[in-house]
Amino acid sequence: RRQRQMCIETVLIADDEPHTVRILEVILNKFGCETLTALNGREVLEILRAHRSIDLIFLDLRMPVKDGYKVIEEIRKDEHLEDLPIIIISAEGREKEIKRAMELGANGYILKPFGLEDLSAVARKWLSRKD
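The shown structure was predicted, so the numbers you read here are calculated from the model rather than taken from an experiment.

1. Some remarks on the side chain of Lys112
- Residue position: Lys112 is located in strand S5 (residues 108-112).
- Polar side-chain contacts of Lys112 include one of 3.1 Å to the side chain of Asp15.

Written as structure tokens, this is what we have:
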């Protein structure tokens, strides 16, 4: 069923919850995406500097070392990354956090717990832009 794959892009998953990371990895791999993972904000920035081919990032706001807000700010200051789509992963009921992240430069969000359809819609929107 190769025709169901939507991408050949690379997606960075940044979340300190291994369960969330694993779910995103499995689903995105089924879509045909390559995935990289980061467990804290510092790792996110290190990976982004080392792998210039990342096409999309799923970013948790509450991570150790450097939170998602600081990560967004640093990404948007980097001319090589300023157009990188950032999708926030957030627990339900945190509208204020999402609003702040969007104001800093995030492109969208999905709420935990998310379903396959939620993730599919976001991935299709941001990974098919180049076609």
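2. Topic: the pairing of S5
- Residues of S5 alternate between two faces, with Gly108, Ile110 and Lys112 buried on one and Tyr109 and Leu111 left unburied on the opposite face.
- As defined by bridge partners, strand S4 (residues 86-91) adjoins S5 across 5 bridges and the pair is classed as parallel. Of the residues in S5, the one forming a bridge with Ile87 is Gly108.

3. Regarding the pattern of salt bridges
- For the structure shown, the criterion picks out 10 salt bridges.
- Between Asp78 and Arg52 there is a salt bridge whose closest N-O contact spans 3.7 Å. Of this pair, Asp78 sits in the loop between helix H3 (68-77) and S4 while Arg52 is found in the loop between helix H2 (41-50) and strand S3 (54-60), placing the two residues 26 residues apart along the sequence.
- What makes Asp78 buried here is its relative accessible area of 16%.
- Exposure remark for Arg52: the relative accessible area of 45% places this residue in the partly exposed category.
- Two residues, Glu74 and Lys66, come together in a salt bridge whose shortest N-O distance is 2.5 Å.

4. Thoughts on helix H4 (residues 95-104)
- Within the span of H4, buried status applies to Glu97, Ile98 and Ala101. Down the axis of H4, the buried set is contained in an arc of 95°. They therefore lie on one face. Exposed residues lying more than 90 degrees from the buried face of H4 are Glu95, Lys96, Lys99 and Glu103.
- The inward-facing, buried residues of H4 contact H3, S4 and S5.
- One or two residues past the end of H4 sits Gly105, with phi positive at roughly 130°.

Each value, and the rule that gives it
- Residues numbered from 1 in each chain as written.
- Predicted model: local features only at pLDDT ≥ 70, side-chain atom pairs only at ≥ 80, totals over all residues.
- Heavy atoms only, no water.
- Helix = DSSP H or I, 4+ residues; strand = E, 2+ residues; numbered from the N terminus.
- Polar contact = N/O pair within 3.5 Å; in protein donor to acceptor, adjacent residues only side chain to side chain.
- Buried < 20%, exposed > 50% of the residue type's maximum accessible area, 1.4 Å probe, protein only.
- Pairing = 2+ DSSP bridges.
- Salt bridge = Lys/Arg side-chain N within 4 Å of Asp/Glu carboxyl O.
- Arc of directions from axis to C-beta.
- Contact = heavy atoms within 4.5 Å.

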